[in-house]
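Residues per chain, in single letters:
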Amino acid sequence: MKIIYHESGGFAGLQKKYEFDSDTGSKEEADRLLSLIDNSDFFDIAQSEDNFRPDSVLHSITIDFGDRKKTLNVSSAAAPEKLKPLIKTLSKKSSYTKNR
Amino acid sequence: MAFGRNHIHCIIPPHMLERIIEQGDTKQRALALRALMQGQTLREERSLLQRQPSLIRPRMLTGLESFTAKKIRRVYDAQCRDNLPGVLVRDEGGGSVEDDAVNEAYEGTGHAWDLFWKEYKRNSIDDAGMPLISTVHICEWDTVDSRWEDVNNAFWNGEQMVYGDGDGQIFTRFTIDIDITAHELTHGVTDYTAKLVYQFQPGALNEHFSDVFGSLCKQRVLGLDVKEADWLIGEKVLIGDKYALRSMKAPGTAYVNHPIIGTDPQPANMDNYLDLPIWNDRGGVHINSGIPNHAFYLAAMRIGGFAWQKTGVIWYKTLAHKLHPSSSFINAAESTIAVAREEYGSGSLEEKAVREAWEEVKVI
């Protein structure tokens, strides 16, 4: 399982990133993330055209798992409730991209 | 004409008019009947004015246009929850409270309203006296640690401004900078004017206009001319004296080697435009805004004086009357040049200044 999380936007326009690969990461972390993915129904959520409000934070989540791969881009305000625990977990694990 | 009396407050009650209709002479009965019919309309209008106090229009001053715009500010406290608007803690005309964030939101929106009304004759966000609603102390539920946590952000949600308090590590409260408050309010103005779509170049322009009027609001409050202004956006919100969030004068230098967030990524011209995908800051709207921001700075420096005057007028009229949802940087350049020509004449210093500014950032 591979996860790529990218967070951007907000007034400050900062960027954060987190990546996880179950081939190199801990089993404990993999199990926790898998549980969050299952509970969020990630692969069943439709990518909708979110009415993105200025200076909202944007979350981009790509999950590559077995024969399924999907990317969801969603703002904080429009995120489905079920997805929020996964978003919060990935956000807390992410680090700011320092640019230069 | 009776300027001193408000016609809305001078209606003879219907039961008296009915008595006059029964008992009065011919002329008295005719006047009373007409007043009874007019009164019904006026009572409906008064009810509306009570609900919408900004619509104060003395209507019966025949031949005269007299309109008083009034700001209506309401600041709410989310009390570290995420329900909007929250609890009303300061209403228009209410005195200062102990909460700095509340007072800053109140004063900041007032200054932004003043800029748009006094300099550009725009009556609030919608040009129709829309109340200015702010919520401070917004929080977000942390599902990992099961607690409400502070938010490192301020935003416009389509109806109001919302401010977080910052995490205390990287950011302090987002009401601390006047330009942030005016920036968010200007997103509302853009919603009611050009409606620039929040992605790629139109989105970067949306951000740009908010930075422009955010900066102009700060400069006007402090009385700074173009040489005295620091041209920084968010110089207090980032913790640490040597950091701001953006620089219109020198994009890419607002924060350098910050231990957590690194260095300001904004480009100053099209050579360094970042072609980002939509999932990355909606195509880099906060990043590529550095290019038109720098054009504004260059135009303002060439025109001189107070930037909210001539240069601000050009930019305001461009936003309000020229641009459309999918406008690009080139559209903005062409439109500002056209407005400068219309306002100040063909071949004027102002037209030349605006054209050279866009040339220097390589948009044209």
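So, a few notes on the structure that sits alongside this text. (Residues numbered from 1 in each chain as written. Chains lettered and ligands numbered in written order. Predicted model: local features only at pLDDT ≥ 70, side-chain atom pairs only at ≥ 80, totals over all residues.)

**Thoughts on the overall build of chain A**
Inference 1: Broken down by element type, chain A carries two helices and five strands.
Inference 2: Listed N to C, the secondary structure of chain A is β-β-α-β-β-α-β in terms of helices and strands.
Inference 3: By the compact-globule yardstick of 13 Å for 100 residues, chain A fits well, its C-alpha radius of gyration being 13 Å.
Inference 4: Based on the C-alpha atoms only, the size of chain A along its principal axes is roughly 35 × 35 × 20 Å.
Inference 5: Among the 100 residues that make up chain A, the fraction classed as buried is 35%.
Inference 6: Intrachain contacts of chain A at a sequence separation of at least 6 include 66% that bridge at least 24 residues. (Helix = DSSP H or I, 4+ residues; strand = E, 2+ residues; numbered from the N terminus. Rg over C-alpha atoms; globule rule 2.2 N^0.38 Å. Buried ≥ 20, exposed ≤ 12 C-beta atoms within 10 Å, placed from the backbone. Contact = placed C-beta atoms within 7 Å.)

**Focus: the sheet that holds strand E3 (residues 132–136) of chain B**
Whenever strands of a sheet pair, they do so through backbone hydrogen bonds, lying parallel or antiparallel.
All names here are of chain B.
Inference 1: Taken in spatial order, the five strands line up as E2-E1-E3-E7-E6 in an open sheet, and their pairing is mixed. Since the sheet does not close on itself, it has two edges, and those belong to strand E2 (87–91) and strand E6 (154–156), each with one partner. This sheet shows a mean twist of 20° between the axes of neighbouring strands, independent of strand direction.
Inference 2: In the packing of helix H4 (residues 178–192) onto the sheet, contacts are made with E3, E6 and strand E7 (161–163), and the angle to E6 comes to roughly 20°. (Pairing = 2+ DSSP bridges. Axes fitted to C-alpha atoms, helices over the stretch in contact; angles between N-to-C directions.)

**Digging into helix H2 (residues 84–93) of chain A**
Inference 1: Restricting attention to buried positions, one finds in H2 of chain A the residues Leu86, Ile87, Lys88 and Leu90 of chain A.
Inference 2: Residues of H2 of chain A that are buried make contact with strand E1 (2–9), strand E2 (16–21), helix H1 (27–40) and strand E3 (57–65) of chain A together with strand E4 (139–142) of chain B.

**Considering unusual backbone geometry**
All names here are of chain B.
Inference 1: The omega torsion across Leu84 and Pro85 is 0°, close enough to zero to call that bond cis.
Inference 2: Tracing the sequence through the fold places Pro85 in the loop between strand E1 (73–77) and E2.
Inference 3: A positive phi angle, near 50°, is found at Phe200, a position not held by glycine.
Inference 4: In this fold, Phe200 is placed in helix H5 (residues 200–222).
Inference 5: Positive phi is not limited to glycine here, since Trp231 has a value of about 60°.
Inference 6: Tracing the chain through its elements places Trp231 in the loop between H5 and strand E8 (232–233).

**Focus: the pairing of E1 of chain B**
Residue and element names in this part refer to chain B.
Inference 1: Across the five residues that make up E1, a large majority, five, are buried.
Inference 2: Of the two faces of E1, both are covered, the one formed by Arg73, Val75 and Asp77 as well as the one formed by Arg74 and Tyr76.
Inference 3: Two strands pair when backbone bridges link them, and E1 and E3 are joined in this way by five bridges, in the parallel orientation. Pairing of Arg74 across the sheet is with Ile133, part of E3.

**Section: the sheet that holds strand E4 (residues 68–75) of chain A**
Residue and element names in this part refer to chain A.
Inference 1: Reading across from one edge, E4-E3-E1-E2-E5 is the order of the five strands in this open sheet, with antiparallel pairing throughout. This sheet does not close on itself; its edge strands, each paired only once, are E4 and strand E5 (95–96).
Inference 2: Both E1 and E2 contribute to a ladder of six bridges, which runs antiparallel. Residue pairing across strands places His6 opposite Lys17, the latter belonging to E2.
Inference 3: Each of E1, E2 and E3 touches H2; the most contacted strand, E2, lies at about 100° to it.

**A short note on the pairing of E2 of chain A**
All names here are of chain A.
Inference 1: From the end of E1 to the start of E2, which pair antiparallel, there are six residues, and Gly10 there has a positive phi angle of about 75°.
Inference 2: Taken together, the two bridges between E2 and E5 define a ladder with antiparallel strand orientation. Paired with Lys17 across the two strands is Ser95, which belongs to E5.

Just distances and angles here, no functional claims.
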